[in-house]
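A structural walkthrough
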Amino acid sequence: MTVTAERPHRDTLYVEDAVVLEHDSYPGEQFILRVRAPECATHARPGSFAHIRCSASLPMRRPLSIMRADPQQGTVEFLYKAVGTGTRALSERRPGETLSLIGPIGSPFRPDPGRPRALLLGGGVGIPPMVFLADHLRREGHWKPLVLMGSEVPFPFDARPSAIMVPGAPPAVIAAMPLLEDWGVASRLTSQQGYPGCFEGYITDLARHWLAALDDEQRREVSVYACGPHPMLAAAARLATEYELPCQVSLEEYMACAVGGCAGCAVRLNTPEGPAMKRVCVDGPVFDAAQVDW
């Protein structure tokens, strides 16, 4: 079933009965869910999300960022944390079951080809869009992405010492995401929990080390893309302003309908035409960080 939007900034939405293929749990009540949803997989873009009905007993859906999409296999993958009634119910779903899924939804990231040094910042459950974006960029070939990920609970993977050099990173900071390492994409992990090989501090602190190690010509090739908690995104926006870098952020907000009808996820932007309220679900979730009223 498809629902075609009337307004030009909205794409077609697909409603699918997604079949659960894998559902793995990790420390910190984190889960990676892989489903078969061919339409969503075909049309998803980095920054897109899906609205999922977690249980037949819960009428309200939950928005989950897409971490990976495979159009050939027709599969979509999500990383989420069980924090409330909906996501806890979702965590109990097993392979073979079906989930009602609407997606992909939202305005995705818009990478700037003129700035191939893409700095991707993902905090907590903001990590999934960065993995999706890194996959997209590495397939295009000319990009030089660096993915920095932060978490205050154990990462949902076993970190691997990186063989890829990251300028400015302290020598002891070698922990990387194995998937990105296999792709040949540079990554580093940050936390304040003392995890081995991780940078001890905020994700933007490590980003500052990297930016400071670049020369002026290299910094002119940098663009910033971020998803995570509001304070982290605000810090990323300040860092981008300090270095005069373009920055796109994917905002996280509570959503009811997720298709623009209820306006419950509206945020204030400072646009060239003046202040405006925009809906995170259909006008975003990705916005120009310089326009967000932090």
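Overview of the structure. Just so it is clear, the structure is predicted and the values come from calculations on it, not from any experiment. (Residues numbered from 1 in each chain as written. Predicted model: local features only at pLDDT ≥ 70, side-chain atom pairs only at ≥ 80, totals over all residues. Heavy atoms only, no water.)

1. Looking at the environment of R45
Along the chain, R45 turns up in the loop between helix 1 (38-43) and strand 4 (49-52). On the basis of relative accessible area, R45 is assigned to the partly exposed category, the value being 41%. Once the C-alpha coordinates of R45 and P104 are considered, the two residues, 59 residues apart in sequence, prove to be 7.9 Å apart. In this structure, R45 is in contact with P108 and F132, ignoring residues within four places of it in sequence. (Helix = DSSP H or I, 4+ residues; strand = E, 2+ residues; numbered from the N terminus. Buried < 20%, exposed > 50% of the residue type's maximum accessible area, 1.4 Å probe, protein only. Contact = heavy atoms within 4.5 Å.)

2. Here's the deal with helix 7 (residues 230-242)
Between its terminal C-alpha atoms helix 7 stretches 18 Å, which fits the 18 Å expected from 13 residues at 1.5 Å a residue. Taken together, the buried residues of helix 7 touch strand 8 (117-123), helix 5 (203-213), strand 14 (222-227) and strand 15 (247-250). (Expected span 1.5 Å × (residues − 1).)

3. Some words on the packing of aromatic side chains
Evaluated as defined, the whole model comprises three aromatic pairs. The interplanar angle of 20° and the centroid separation of 5.5 Å between the aromatic rings of F31 and Y80 together place this pair among those described as stacked. Placement of F31 in strand 3 (residues 30-36) and of Y80 in strand 6 (residues 75-81) is noted, with a sequence separation of 49 residues between them. Of the residues examined, F31 reaches a relative accessible area of 13% and is grouped as buried. Look at F155 and F157: their rings are 5.5 Å apart centre to centre, the planes differ by 35°, and that puts the pair in the tilted class. For F155, a relative accessible area of 9% translates into the label buried. (Phe/Tyr/Trp six-rings, centres within 6.5 Å; stacked < 30°, edge-to-face > 60°.)

4. Things to note about the pairing of strand 8
Taking burial as the measure, the seven residues of strand 8 include seven buried ones, the bulk of the element. Of the two faces of strand 8, the one holding R117, L119, L121 and G123 and the one holding A118, L120 and G122 are both buried throughout. Of the strand pairs in this sheet, strand 8 and strand 9 (residues 146-150) are connected by five bridges, and their pairing is parallel. If you follow L121 over to strand 9, its bridge partner there is L148. For the handedness criterion, the β-α-β arrangement of strand 8, helix 3 (residues 127-140) and strand 9 is classed as right-handed. (Pairing = 2+ DSSP bridges. Right-handed = clockwise from strand over helix to strand, strands pointing away.)

5. Points about the packing of helix 5 against helix 7
Two elements in contact, helix 5 and helix 7, have axes separated by 10 Å at closest approach and are oriented at 20°. On the basis of the axis angle, helix 5 is roughly parallel to helix 7. In this structure, helix 5 crosses over helix 7, and the sense of that crossing is right-handed. For the pair formed by helix 5 and helix 7, the contact residues are I203, T204, A207, R208 and L211 on the first element and M232, A235, A236, L239 and E242 on the second. (Axes fitted to C-alpha atoms, helices over the stretch in contact; angles between N-to-C directions. Parallel < 35°, antiparallel > 145°, perpendicular 65-115°, else oblique. Left-handed = near helix turned anticlockwise from the far one by under 90°.)

6. Details of the sheet that holds strand 13 (residues 199-200)
Spatial strand order, 13-12-9-8-14-15-18: seven strands in an open sheet with mixed pairing. The two strands at the open ends of the sheet, each matched to only one other strand, are strand 13 and strand 18 (286-288). Across six bridges, strand 8 lies against strand 14 in parallel orientation. Residue L121 lies in a different strand from strand 14, and its bridge partner there is A226. Against the sheet, helix 3 touches strand 8, strand 9 and strand 14, its axis set at about 155° to strand 8.

7. As for the side chain of S250
Residue placement: S250 occurs in strand 15. Once you skip the residues sitting within four places of it in the chain, S250 turns out to touch F109, A226, C227, G228, L233, P285 and V286.

8. As for the pattern of salt bridges
Scanning the model with the defined rule gives 11 salt bridges in all. E242 is the partner of R208 in a salt bridge, and the nearest nitrogen-oxygen pair spans 2.8 Å. You can see R208 sitting in helix 5 and its partner E242 sitting in helix 7, a full 34 residues away along the chain. For E242, a relative accessible area of 47% puts it in the partly exposed group. One salt-bridge network, in which partners are shared between bridges, spans D135, R138 and R139. (Salt bridge = Lys/Arg side-chain N within 4 Å of Asp/Glu carboxyl O.)

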